[in-house]
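# Structural characterization, general
Residue-level listing of the chains:
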Amino acid sequence: MQPFFVSEAKEIHIELLTENEENIQFEIYSIKSEDKETIHCKGEINYAEKGENRTLEVEKLTENMRRGELNTAEIYETYTNLGLQYGDTHQVISKIYQGNNELIAKLELAKASKATQEKYTLHHGMLDGALQASLGLVDDLANISGSPMLPFALENIQVFASCTEEMFVWIRYAEGSKSGDNITKLDIDVCDADGIICAQLKGFTSKTFAAPSLKTIANSEEATIVYATQTWKKTKGETAKVA
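This text gives an overview of the structure that appears in the document. Computed from a prediction, not measured in an experiment: that's the story for all the values here.

## Here we look at the sheet that holds strand β6 (residues 102–108)
Judged by pairing direction, the sheet is antiparallel, and its seven strands sit side by side in the order β4-β5-β6-β8-β9-β10-β7 without closing on themselves. Each end of this open sheet is capped by a strand with a single partner; those strands are β4 (68–71) and β7 (149–159). For this sheet, the mean angle separating the axes of adjacent strands, direction not counted, is 20°. Here eight bridges tie strand β9 (residues 183–192) to strand β10 (residues 197–208), and the two strands are oriented antiparallel to one another. Across the sheet, residue Lys-185 finds its bridge partner in β10, namely Thr-205. Running at roughly 75° to β4, helix α2 (residues 72–81) makes contact with β4 and β5 (93–98) of the sheet.

Here it is, written out as structure tokens:
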């Protein structure tokens, strides 16, 4: 699999294949010359009966985060310096409470997103904010340099409930991963204000981005804004089977 880079208008495809009512396989790919497909992401979705609610003791966890705190301005100023400029609907982190190799972040849905909140189970702004919050694991933001790490794998995500307007995120290094690694693996729990877990991400893996930094690209004369539009086309899968 290869990452999908966008510097001009490009077409990308999503293919869904079903073997039964509880399993969907997917591939995200692009087509280059000679109809050759390049796969950028693949996986499978499984449906299961929901059990009892799982909860986090957010207040107790927050009390253990004694390394420091980061506010909205500090977080997004750091991202801007790295070349990532988030729009208002994706600036959802209000506070990060830093611990030793873990953190708790508070997320608040942007006002502009509240009108469409019910259309999503995992709201894209809140989920992105949960991933953004991993910045708080860095020991010293004042001396951070280079490019952000590039996400490239996720072992598993479980979705139990829809996002709410106020969420909390517990982020820590997965077993075998630590600060300073070129490849880092994180476990992330996302819960509502009552501590009820809405989603769990296991093995969210990122690695150092070796290409020119995003800051350099953003400041170059060739930098342009590229907009993506979603277009669904119904196709008949050759191997699709419905039980």
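## Structural notes on the side chain of Gln-132
With respect to the helices and strands, Gln-132 occurs in helix α3 (residues 124–132). A distance of 2.6 Å separates the side chain of Gln-132 from the side chain of Tyr-76, its partner in a polar contact. In this structure Gln-132 touches Tyr-76, Tyr-79, Tyr-86, His-90 and Ile-93, once residues within four positions along its chain are discounted.

## Some points on the pattern of salt bridges
A full pass over the atoms with the stated rule returns eight salt bridges. Among the ionic pairs, Glu-155 bridges to Lys-185, the shortest N-O distance being 2.9 Å. Linking Glu-155 in strand β7 with Lys-185 in strand β9, this pair joins segments that are 30 residues apart in sequence. Take Glu-155: its relative accessible area is 54%, and that puts it in the exposed class. The salt bridge partner of Asp-189 is Arg-172, with a shortest N-O separation of 3.5 Å. A residue pair is termed long-range when its members are at least 10 positions apart, and Asp-189 in strand β9 and Arg-172 in strand β8 (residues 166–173) qualify at 17 residues. With a relative accessible area of 13%, Arg-172 lands in the buried category. Within the structure, one salt-bridge network assembled from shared partners comprises Lys-106, Glu-108 and Glu-166.

## Here's the deal with α3
Among the residues of α3, those classed as buried are Gly-125, Met-126, Gly-129, Ala-130 and Gln-132. Viewed end-on, α3 has its buried residues packed into an arc of 160°, placing them on one side of the element. Summarising the contacts, the buried residues of α3 are in contact with α2, β5, β6, β8 and β9.

## Here's the deal with the packing of aromatic side chains
On inspection of all chains with the given rule, the structure shows three aromatic pairs. Both rings, one in Tyr-76 and one in Tyr-86, keep their centres 6.0 Å apart while their planes meet at 75°; by these two values the pair is edge-to-face. Here the residue Tyr-76 occupies a position in helix α2, and Tyr-86 occupies one in the loop between α2 and β5, the gap between them amounting to ten residues. For Tyr-76, a relative accessible area of 6% puts it in the buried group. When the ring of Tyr-79 is compared with that of Tyr-86, the centres are 5.3 Å apart and the planes differ by 85°; the resulting orientation is edge-to-face. Among the residues examined, Tyr-86 registers a relative accessible area of 22% and is labelled partly exposed.

Cut-offs and rules
Residues numbered from 1 in each chain as written. Predicted model: local features only at pLDDT ≥ 70, side-chain atom pairs only at ≥ 80, totals over all residues. Heavy atoms only, no water. Pairing = 2+ DSSP bridges. Helix = DSSP H or I, 4+ residues; strand = E, 2+ residues; numbered from the N terminus. Axes fitted to C-alpha atoms, helices over the stretch in contact; angles between N-to-C directions. Contact = heavy atoms within 4.5 Å. Polar contact = N/O pair within 3.5 Å; in protein donor to acceptor, adjacent residues only side chain to side chain. Salt bridge = Lys/Arg side-chain N within 4 Å of Asp/Glu carboxyl O. Buried < 20%, exposed > 50% of the residue type's maximum accessible area, 1.4 Å probe, protein only. Arc of directions from axis to C-beta. Phe/Tyr/Trp six-rings, centres within 6.5 Å; stacked < 30°, edge-to-face > 60°.

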